[in-house]
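# Examination of the molecular architecture
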Amino acid sequence: MVVLDFDGVIARLDVDWASLRRAVRDRLGLDVRSINEAFRELCGTPFFFALHEFVEAYEVESAARAGVFPDVAHFLEKWSGVAAIASMQSERAIRLALSLSGLDEAFSEIAARPRFCSKEAELRHFAEKYGADKIIFVDDRYDNVEVCRKIGIAGCVRLDRRRGDTLSALLHNL
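### Structural notes on the overall build of the protein
The helix and strand tally for the protein stands at eight helices and five strands. Each helix (α) and strand (β) of the protein, taken in turn from the N terminus, gives the series β-α-α-α-α-β-α-β-α-β-α-β-α. Taking 16 Å as the expected radius of gyration for a compact globule of 174 residues, we find that the protein reaches 16 Å, a close match to that expectation. Overall, the C-alpha framework of the protein stretches about 45 × 35 × 30 Å when taken along its three principal axes. Within the protein, the proportion of its 174 residues that are buried is 51%. Within the protein, contacts between residues at least 6 apart in sequence are counted, and of these 65% link residues at least 24 apart. In the structure as shown, the protein presents an accessible area of about 8,700 Å², 50% of it carried by carbon and sulfur atoms.

Listed below in structure tokens is the structure:
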């Protein structure tokens, strides 16, 4: 099974995160250094859901414009196993981008907000469901790859699009 992050691996959301953090401070009164840290810290509280709805509006707007990276569809055509998504974006925004790209049926499951409050919770979900030794996880952030390793997932891979990485080449070299 392969589990892919969304923003940076499957597509690029053009959300201006610095402006969004300022808007969160101005409109919700939450001074956050990191949106993802705020979700993790506020998990299960009314502030979590208020933040989720606020951020989701920005993500959905961006998802309507986001194109899936060309290598993703190519990879999914050749991949014979199960594919899923673990992302701290809104599930609604992810589903919109996938639908507009014709990939809405390509993934068996999407683990995202608001169902999950952290990347760690998403990855633990897949590890428990499928077995950590049966998963390859691909993300574009080092910290998420470290979380993957901490959980004991067999394959934790960082994709760096600035370096020219593609999903097929990266996973072929494993």
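### Points about the side chain of E109
Along the chain, E109 falls in strand β3 (residues 109–113). Within the structure, the side chain of E109 is placed 2.6 Å from the side chain of H125, a separation counted as a polar contact. Setting aside anything within four residues of it in sequence, one finds E109 in contact with A83, A84, I85, R115, H125, F126, K129 and Y130.

### What to know about the nonpolar core
Counting 47 residues, the largest nonpolar core has F6, I10, L98 and V138 as the members making the most contacts within it. Excluding its chain neighbours within four sequence positions, the residues that come into contact with I10 are L4, D5, V68, F69, V72, I85, L98 and F107.

### A word on the sheet that holds β3
One open sheet holds the five strands; their spatial order is β3-β2-β1-β4-β5, and the pairing between them is parallel. On the outer flanks of this sheet lie β3 and β5 (155–158), each paired with one strand and no other. Between one strand and the next, the sheet's axes are offset by a mean angle of 20 degrees, whatever the strand orientation. The sheet contact formed by strand β1 (residues 2–4) and strand β4 (residues 136–139) spans three bridges and is parallel. Bridge pairing links V2 to I136 in β4.

### Concerning the pattern of salt bridges
Following the criterion strictly, the structure yields 21 salt bridges and no others. We note a salt bridge from D14 to R65, for which the minimum N-O separation is 2.6 Å. One end of the pair, D14, is in the loop between β1 and α1 (17–28); the other, R65, is in the loop between α3 (46–63) and α4 (70–78), and 51 residues separate them in sequence. Notably, a salt bridge pairs R113 with E59, separated by 2.9 Å at the nearest N-O pair. Separated by 54 residues along the polypeptide, R113 in strand β3 and E59 in helix α3 bring together distant segments of the chain. For the pair R113 and E59, one class covers both residues: buried. Several salt bridges share partner residues, and in doing so they unite D5, K119 and D139 into one network.

About the criteria used
- Residues numbered from 1 in each chain as written.
- Predicted model: local features only at pLDDT ≥ 70, side-chain atom pairs only at ≥ 80, totals over all residues.
- Heavy atoms only, no water.
- Helix = DSSP H or I, 4+ residues; strand = E, 2+ residues; numbered from the N terminus.
- Rg over C-alpha atoms; globule rule 2.2 N^0.38 Å.
- Buried < 20%, exposed > 50% of the residue type's maximum accessible area, 1.4 Å probe, protein only.
- Contact = heavy atoms within 4.5 Å.
- Areas by Shrake-Rupley, 256 points an atom, 1.4 Å probe, with all protein chains shown as cover.
- Polar contact = N/O pair within 3.5 Å; in protein donor to acceptor, adjacent residues only side chain to side chain.
- Core = buried A, V, L, I, M, F, W, Y, C linked by side-chain atoms within 4.5 Å.
- Pairing = 2+ DSSP bridges.
- Axes fitted to C-alpha atoms, helices over the stretch in contact; angles between N-to-C directions.
- Salt bridge = Lys/Arg side-chain N within 4 Å of Asp/Glu carboxyl O.

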